[in-house]
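Report on the structure
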Amino acid sequence: MTMISTAAVASAILAITNLFTSAEAFSPSLPSTKLTSYMAHLSTQTKLSATPETIVIGGGRIGSLISNDAKLLGRNDPIASSIDANGEGPIFIATRNDVLESIVDECPASRRGDLVFLQNGYLDNFLERKGLLSNTQALLYLSVASLGVDPVDGITSVNPEGLTAATGVHAQAFADRLASLGLKCNVVSASEYRPAMFEKLIWIATYMLVGTAKDCNSVGQAGSDHAQLVQDIISELVSAVGAKEGIAFPSGTIERLAAYTDVVTDFPCGVKEFEWRNKYFYDLGDDACPIHNGLLRECAEKGKLGFELP
């Protein structure tokens, strides 16, 4: 019985010796007596890479459209506790501009670089104030009439490649998401994006303003019934932005925007979100934007605006 016990002990000692010998072969400079403490240290210092997770904030027309296989956060979902501070992946914000402040503030600081802004309008001042000017942004040249309705892509006779564009670290992820829906998106550099952003801003500011001032039912009617006025304002705003920002627009702005208007011809008119849209041009002054600013004041005098001009 004693001989059997001795053999068993000897076998166990041999197994332990082999275990430490193997560990030393893997890391020859590590004394076997420190293996246990080293492994414990390693487990606390090594962080496994997070699995990328796509998040969409906003369950409206655009948010619902792009939320397939993504985590969708609606109006009542808490932002801070719904986003993993140690995670990674794009966080698409598909909401109105007036809630951007709270969304950014509630997002974990470590994830704010993953925020992707899909809003219309001039965001530069807001993004600069938040330290997010280099974040991914996208220009959506598409229309979704109502929740669940198939989108109309911004493919025009002038731009068959589509006008939707994105720039930034998550631009390709956004383009891939749209591609899965049969929609086009051009991934562009920051320098290419900037004139495109202002061109979209000019489209919104011009067609919505002319349509409101002239009691048009749609942007299509504004473009067809008041073509010269539309063209005059677009030319004025292109010149004003070029002078202010030092931007050279690619030729054909009027034609590009008219062709897009044909695609979304039934879209209703309305001067909205002034702070994010027409205000940029209004603040440039009457010398730079006399037609635009005069028409805006005319709308205010006739009670056609839902806000007071500054």
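Residues numbered from 1 in each chain as written. Predicted model: local features only at pLDDT ≥ 70, side-chain atom pairs only at ≥ 80, totals over all residues. Heavy atoms only, no water.

1. Observations concerning the packing of helix 8 (residues 190–213) against helix 10 (residues 227–245)
For clarity, the threshold we go by: Axis definition: a line fit to C-alpha positions, over the contact stretch in the case of helices; interaxial angles, taken between N-to-C directions, run 0 to 180 degrees. Only DSSP runs of H or I with at least four residues qualify as helices, and only runs of E with at least two residues qualify as strands; both kinds are numbered from the N terminus onward. Helix crossings fall into two classes, left-handed where the near helix is turned counterclockwise from the far one by less than a right angle and right-handed where it is turned clockwise. Should any heavy atoms of two residues lie within 4.5 Å, those residues are counted as being in contact. Under the grouping applied here, Gly and all other residues not named as nonpolar or charged are polar, the nonpolar ones being Ala, Val, Leu, Ile, Met, Phe, Trp, Tyr, Cys and Pro and the charged ones Asp, Glu, Lys and Arg.
Running from N to C, helix 8 and helix 10 cross one another at 145°; their axes reach a closest spacing of 10 Å. With respect to the hand of their crossing, helix 8 and helix 10 are arranged in right-handed fashion. Along the contact surface, helix 8 presents Arg 194, Phe 198, Ile 202, Ala 205, Thr 206, Tyr 207 and Val 210, while helix 10 presents Leu 229, Val 230, Ile 233, Ile 234, Leu 237, Val 238, Val 241 and Glu 245. Considered class by class, the residues forming the contact of helix 8 with helix 10 number 12 nonpolar, one polar and two charged.

2. A closer look at the packing of helix 8 against helix 13 (residues 290–301)
Spelled out, the test is: Orientation labels follow simple angle bins: below 35 degrees gives roughly parallel, above 145 gives roughly antiparallel, 65 to 115 gives roughly perpendicular, and whatever is left gives oblique.
Packing of helix 8 against helix 13 leaves a shortest axis separation of 10 Å and a crossing angle of 40°. Judged on the interaxial angle alone, helix 13 and helix 8 are oblique. Between helix 8 and helix 13 lies a crossing whose hand is left-handed. Contact residues: helix 8 offers Leu 209, Val 210, Thr 212 and Ala 213, while helix 13 offers His 292, Leu 295, Leu 296 and Cys 299. Tallied by class, residues from the contact of helix 8 with helix 13 come to six nonpolar, two polar and no charged.

3. A closer look at the nonpolar core
Defined as follows: Nonpolar cores were defined as sets of buried Ala, Val, Leu, Ile, Met, Phe, Trp, Tyr and Cys residues, with membership established by side-chain atoms within 4.5 Å. Working definition: with a 1.4 Å probe on protein chains only, accessible area under 20% of the residue-type maximum means buried, over 50% means exposed, and in between means partly exposed.
Residues Phe 198, Trp 203, Phe 281 and Leu 296 are the most contacted members of the largest nonpolar core, which totals 44 residues. Where this core is concerned, the elements lending two or more residues are helix 8, helix 9 (219–225), helix 10, helix 11 (253–263), helix 12 (278–282) and helix 13. Residue contributions to this core peak at 13 residues, all from helix 8. Those residues in contact with Trp 203, other than ones at most four positions away along the chain, are Met 208, Val 219, Leu 257, Tyr 260, Thr 261 and Val 264.

4. Quick look at the sheet that holds strand 2 (residues 71–73)
Defined as follows: Here the rule is simple: two strands pair whenever DSSP picks up at least two bridges between them.
Spatial strand order, 2-1-3-4-5-8-9: seven strands in an open sheet with mixed pairing. The sheet is open, and its two edges are formed by strand 2 and strand 9 (186–187), each paired on a single side. Of the strands in this sheet, strand 5 (136–139) and strand 8 (165–167) touch helix 8, which is tilted by about 45° from strand 5.

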